[in-house]
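Each chain is listed here by its residues.
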Amino acid sequence: MKTRPGLTVDKIAHAAAALADEIGFEGVTLSALARGFGVKDASLYSHVKNLQDVRTRVALLAAEEMSAELAVAIAGRSAEDALVAFADTYRAFALRCPGRYAATQMRLDLDQIADEKGFVRNIELTYAVLRAYDLEEPDLTDAVRFMRSTFHGFINIESVGGFGHPRDIEGSWRKTVAAVHSVLRQWPRAKAA
């Protein structure tokens, strides 16, 4: 296959991520990417399989970027301090990079991402934050799901302007993170079998 000089998988992934942040993750198409590079759609197929391949690459790129920011934020912190740093960084990334963030939420084949550093690091960092709460399985997985869904729900509502009350959103965010900390400290433990 003949490839266009200068066009690489990495450039396509970065362009798709930038486009996703601009117009929304679901709005990214191969045609829009090709137009951005000034090439025909067929030129992209020399580098990527299809749109799903591009979206997966955006998800992997975004996971790496997010995990790098989370790692810096929580380094040297523990318990509530780590939770607050994690939450604030998670939210900042999601609001600053909405298309990339949406990509990190897509369902991916676990075999496909098992060796991907960004996703693996995100999981490790999330569990590292929760280590201070002394949870064991299955409580640990339940707590991860609780924390993730709480942050994700707040961020999704905030990103579409869904909080119409004049109360300061920052104040509500602080209370939400504090409530997550409180719940994690008092987590209802699974009964031993």
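The structure contained in this document is the topic of the report that follows. As the structure is a computational prediction, the values presented were derived from the model and not from experiment.

**Some words on the overall build of the protein**
Working step 1: Summing up its helical and strand segments, the protein has 10 helices and zero strands in all.
Working step 2: Element order for the protein, N to C, with α for helix and β for strand: α-α-α-α-α-α-α-α-α-α.
Working step 3: With the C-alpha coordinates of the protein rotated into their principal frame, the extents come out at 60 × 45 × 30 Å.
Working step 4: With 193 residues in all, the protein has 40% of them scored as buried.

**Considerations on the packing of aromatic side chains**
Working step 1: For the structure shown, the criterion picks out seven aromatic pairs.
Working step 2: Plain terms: the ring middles of Phe-86 and Tyr-90 are 6.0 Å apart, the flat faces sit at 20 degrees to each other, and that makes the pair stacked. On the criterion of helical spacing, the pair formed by Phe-86 and Tyr-90 is a turn pair, its members being four residues apart in helix α5 (residues 79–96).
Working step 3: On the basis of relative accessibility, which here comes to 6%, the residue Tyr-90 falls in the buried class.
Working step 4: A centroid spacing of 6.2 Å and a plane angle of 50 degrees characterise the contact between Tyr-90 and Phe-151, whose relative ring orientation is tilted.

**Looking at the side chain of Ser-67**
Working step 1: Here Ser-67 is to be found in helix α4 (residues 51–74).
Working step 2: Classification of Ser-67 by relative accessible area gives buried; the value is 6%.
Working step 3: Those residues in contact with Ser-67 that sit more than four places away from it in its chain are Gly-118, Arg-121, Asn-122 and Leu-125.

**Points about the packing of helix α9 (residues 139–159) against helix α10 (residues 169–185)**
Working step 1: Their axes nearest at 11 Å, the elements α9 and α10 cross at an angle of 170 degrees. The pairing of α9 with α10 is recorded here as roughly antiparallel in orientation. Residue-level contacts link Ala-143, Phe-146, Met-147, Thr-150, Phe-151, Phe-154 and Glu-158 of α9 to Ile-169, Ser-172, Trp-173, Thr-176, Val-177, Val-180, Val-183 and Leu-184 of α10.

**Here we look at unusual backbone geometry**
Working step 1: Here the amide bond leading from Glu-137 into Pro-138 is cis, since omega sits at 5 degrees, within 30 degrees of zero.
Working step 2: Take Pro-138: it is sitting in the loop between α8 (117–130) and α9.
Working step 3: A positive phi angle is found at Ala-79, which is not glycine, with a value near 55 degrees.
Working step 4: Its place among the elements puts Ala-79 in helix α5.
Working step 5: Among the residues examined, Ala-79 registers a relative accessible area of 28% and is labelled partly exposed.
Working step 6: The phi dihedral of Asp-134 is positive, around 55 degrees, even though this residue is not glycine.
Working step 7: Along the polypeptide, Asp-134 turns up in the loop between α8 and α9.
Working step 8: Relative accessible area serves as the criterion here: at 57%, Asp-134 is assigned to the exposed category.

**Quick notes on the nonpolar core**
Working step 1: Among the nonpolar cores identified, the biggest contains 32 residues, and Leu-83, Phe-86, Tyr-90, Leu-130, Phe-151 and Leu-184 are the most heavily contacted of them.
Working step 2: Taken together, the elements giving at least two residues each to this core come down to α4, α5, α8, α9 and α10.
Working step 3: Ranked by residue count, the leading element in this core is α5, at eight residues.
Working step 4: Discounting residues that sit within four places of it in the chain, Leu-184 has contacts with Leu-83, Leu-130, Tyr-133, Leu-135, Ala-143 and Phe-146.
Working step 5: Ala-20, Ala-34, Leu-61 and Ala-103 belong to the second-largest nonpolar core, a separate cluster that totals 25 residues.

The rules we used
- Sequence order as written defines the numbering, with residues in each chain counted from 1.
- Reporting in this predicted model follows two pLDDT cut-offs: at least 70 for local features of residues, and 80 or more for side-chain atom pairs to be given and counted; totals over whole chains, interfaces and linings ignore these cut-offs and use all residues.
- Side-chain numbers come from the whole structure's heavy atoms, not from hydrogens or water.
- In this description a helix means any DSSP run of H or I spanning at least four residues, a strand means any run of E spanning at least two, and both kinds are numbered starting from the N terminus.
- Classification of residues uses two cut-offs on accessible area relative to the type maximum, computed with a 1.4 Å probe and protein chains only: under 20% is buried, over 50% is exposed, and between them is partly exposed.
- Any two of the Phe, Tyr and Trp rings considered here, Trp counted by its six-membered ring, make a pair once their centres fall within 6.5 Å; the pair's planes then place it as stacked at under 30 degrees, edge-to-face at over 60, or tilted in between.
- In this description, contact between two residues means that some pair of their heavy atoms is separated by no more than 4.5 Å.
- Axis definition: a line fit to C-alpha positions, over the contact stretch in the case of helices; interaxial angles, taken between N-to-C directions, run 0 to 180 degrees.
- By definition in this entry, angles of less than 35 degrees are roughly parallel, angles greater than 145 are roughly antiparallel, angles of 65 to 115 are roughly perpendicular, and the rest are oblique.
- Put simply, a nonpolar core is a bunch of buried Ala, Val, Leu, Ile, Met, Phe, Trp, Tyr and Cys residues held in one set by side-chain atoms that sit within 4.5 Å of each other.

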